[in-house]
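What follows is each chain in one-letter form.
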Amino acid sequence: MFLHTIELCFCGFKFIGWAGLCHFLSVLSCSCSHHLLTGVMSRSTEEKNAFGPHVKIPSLGGAPAASVQPALSTKIPTKDADSQVKNISSTERKEPVPQFTFLGQPRLESPWRNMAWTEERKTSLMETISSYRPSCEEVPQARVLLLGPVSSGKSSFISSVQSVFNGRVTNRAMVGSCSTSFTKKLQSFQIRGQKGEDRTGLVLCDIMGLGDDGMTGLTLHDILSVIKGHVPEGHKFRTDQPVSASETVGYVKKPSLKDKIHCVAFVVDASKISAYPKGLSAIFKQLRKHISDLGVHQVALLTHVDQMCPETAKEVTAVYESRKIQDVMGKAAALLGMSTSYIVPVKNYSSELDVDVNTDVLLLSAVDHILQYADLYFQDNTSQHKGLKLDF
């Protein structure tokens, strides 16, 4: 077609000259444009009828557009026609596509506990803990017993707290990852100040964990013996041999106030709250009753919160803005039978090599929380203990 048109142009130039040739090309161009537009309109009309929707087609000469009625047709549009229909529909109407953002657990509008995530706050907490001394003169250090199920993070918490003061991550307390308790004996860890300074007024005591059935390897009798101060340092617990004056080497028959446990911190894993055995709640409540009868205050640490909330895993400052962690706190309170005001979330150091300011603030805040309740013990029992000593 194109070559034929070129030949006509050369022939026309010979016979009719430049003026005639230009007139001929002008007429030819208008004729081609008219046939092309008519063909597109005709094909477009057939395809619109085939698909059914009303389509307004512009008419020539500025006449009002005609509305094409939907009609049933068995004619299948060709590939080229289908692309033309898509092009026409895309230019005539573009409907906005809704955008959806799926949020599993949105952040709360305001944190449910206030926390200053600053270097200044970290320094202030470290100074408070380093300078802490029990209000009772005869007790040099507050002894806090960590008590909870196997792999709840007791030993990791001790190592993490000491790491804060060391300025680098260290594993002072041996940490295990098996289903049975890694810790088999009573171990007391004196928390030291920055860069190996003098020891603080805090001792964290590690003990065998509770088993999945509630009391595997550790009986209620043994736990209460530790709290009363009868169990010597380094005693290895055995399921077939409970602590007793006759069988336990180094048994403390008349423990002084400094030998006793001054606060109990229950440790529960946030990622396992819903998976703990049903009987564990009854065990915790039984323990709390007997411990309370001894006049010892109790708090709780909710570990592994970073495993429950992706935002907290990325940035620990989101812990008190997380709806998920707030819900888990409520479940932990029900499990332990205590108010959420006694429970604090923590993130232990595990795979990290360097300490982080925000993680340090969360850990130190937990220690400060513990010391407040330990000091209540001395306030409640110092005068009573002195009175008892006068009777001997």
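This text follows the structure it describes.
Predicted, not measured: the structure shown is a model, and the values here were computed from it.

S.K.: What's the story with the packing of aromatic side chains in this structure? I'm lost.
M.R.: Centre-to-centre distance and the angle between the planes together describe a pair of aromatic rings. Inspection of the entire model under this criterion finds 4 aromatic pairs. Aromatic side chains Y342 and Y373 sit 5.5 Å apart centroid to centroid with 50° between the ring planes, which places their arrangement in the tilted category. Of this pair, Y342 sits in the loop between helix 8 (323-336) and strand 8 (343-345) while Y373 is found in helix 9 (residues 357-391), placing the two residues 31 residues apart along the sequence. We classify Y342 as partly exposed; its relative accessible area is 29%. Taking the centre distance of 5.8 Å and the plane angle of 80° together, the rings of Y377 and F378 count as edge-to-face. Given a relative accessible area of 4%, Y377 falls into the buried group.

S.K.: Sorry if this is basic, but what is going on with the pattern of salt bridges here?
M.R.: Between side chains of opposite charge, pairing is possible as soon as their charged atoms come close. Applying the stated criterion across every chain yields a total of 5 salt bridges. The residue K122 makes a salt bridge to D360 at a minimum N-O spacing of 2.8 Å. Note that K122 is positioned in helix 3 (residues 119-130) and D360 in helix 9, a separation of 238 residues in sequence. No difference in accessibility class separates K122 from D360, as the two residues are buried. With a shortest N-O distance of 3.1 Å, D240 and R238 are connected by a salt bridge. When its relative accessible area of 57% is taken as the criterion, D240 is described as exposed. On the accessibility criterion, R238 (43% relative accessible area) is partly exposed.

S.K.: Where do I start with the pairing of strand 7 (residues 297-303) in this structure?
M.R.: Look at any regular strand and the pattern is simple: side chains alternate between the two faces of the sheet. Most of strand 7 sits inside the fold, with 6 of its 7 residues counted as buried. Pairing of strand 6 (residues 263-269) with strand 7, which is carried by 7 bridges, proceeds in the parallel orientation. In the strand pairing of strand 7, A265 is matched with V299. Running through helix 6 (residues 279-293), the crossover from strand 6 to the neighbouring parallel element strand 7 is right-handed.

S.K.: Teacher, can you tell me more about the nonpolar core here?
M.R.: A general feature of soluble globular proteins is that nonpolar side chains tend to end up buried together. If you look at the biggest cluster of nonpolar residues, it comprises 86 residues, and the most contacted ones within it are F157, F266 and L302. Broken down by element, the residue count for this core peaks at 12 residues, all from helix 9. Those residues within four positions of F157 in sequence are excluded, and the remaining contacts are L146, L204, L301, V346, N348, L363, A366, V367 and I370.

S.K.: I'm lost on the sheet that holds strand 7 in this one. Help?
M.R.: Remark on secondary structure: sheet strands pair via backbone hydrogen bonds, oriented parallel or antiparallel. Reading across the sheet, the 6 strands line up as 4-5-3-6-7-8 and stay open at both edges, with mixed pairing between neighbours. The outermost strands of the open sheet, each flanked by one partner alone, are strand 4 (187-192) and strand 8. Recorded for the sheet is a direction-independent mean angle of 25° between the axes of neighbouring strands. In terms of strand pairing, strand 3 (residues 142-147) meets strand 5 (residues 199-206) through 4 bridges, oriented parallel. Within strand 5, the residue paired with A142 across the bridge is L202.

S.K.: Would you take a moment to explain helix 8 for this structure?
M.R.: Over its 14 residues, helix 8 runs 20 Å from end to end, which matches the ideal 20 Å to within 8%, given 1.5 Å per residue. I325, V328, M329, A332, A333, L335 and L336 are the residues of helix 8 that are buried. Each buried residue of helix 8 sits inside an arc of 160° when the element is viewed along its axis, so together they form one side. Buried residues along helix 8 sit against strand 6, helix 6, strand 7, helix 7 (310-314) and strand 8. Two or three places before K324, at the opening of helix 8, S322 has a side-chain oxygen 3.3 Å from that residue's backbone nitrogen.

Quick notes on the rules
Residues numbered from 1 in each chain as written. Predicted model: local features only at pLDDT ≥ 70, side-chain atom pairs only at ≥ 80, totals over all residues. Heavy atoms only, no water. Phe/Tyr/Trp six-rings, centres within 6.5 Å; stacked < 30°, edge-to-face > 60°. Helix = DSSP H or I, 4+ residues; strand = E, 2+ residues; numbered from the N terminus. Buried < 20%, exposed > 50% of the residue type's maximum accessible area, 1.4 Å probe, protein only. Salt bridge = Lys/Arg side-chain N within 4 Å of Asp/Glu carboxyl O. Pairing = 2+ DSSP bridges. Right-handed = clockwise from strand over helix to strand, strands pointing away. Core = buried A, V, L, I, M, F, W, Y, C linked by side-chain atoms within 4.5 Å. Contact = heavy atoms within 4.5 Å. Axes fitted to C-alpha atoms, helices over the stretch in contact; angles between N-to-C directions. Expected span 1.5 Å × (residues − 1). Arc of directions from axis to C-beta. Polar contact = N/O pair within 3.5 Å; in protein donor to acceptor, adjacent residues only side chain to side chain.

These figures capture arrangement, not role.
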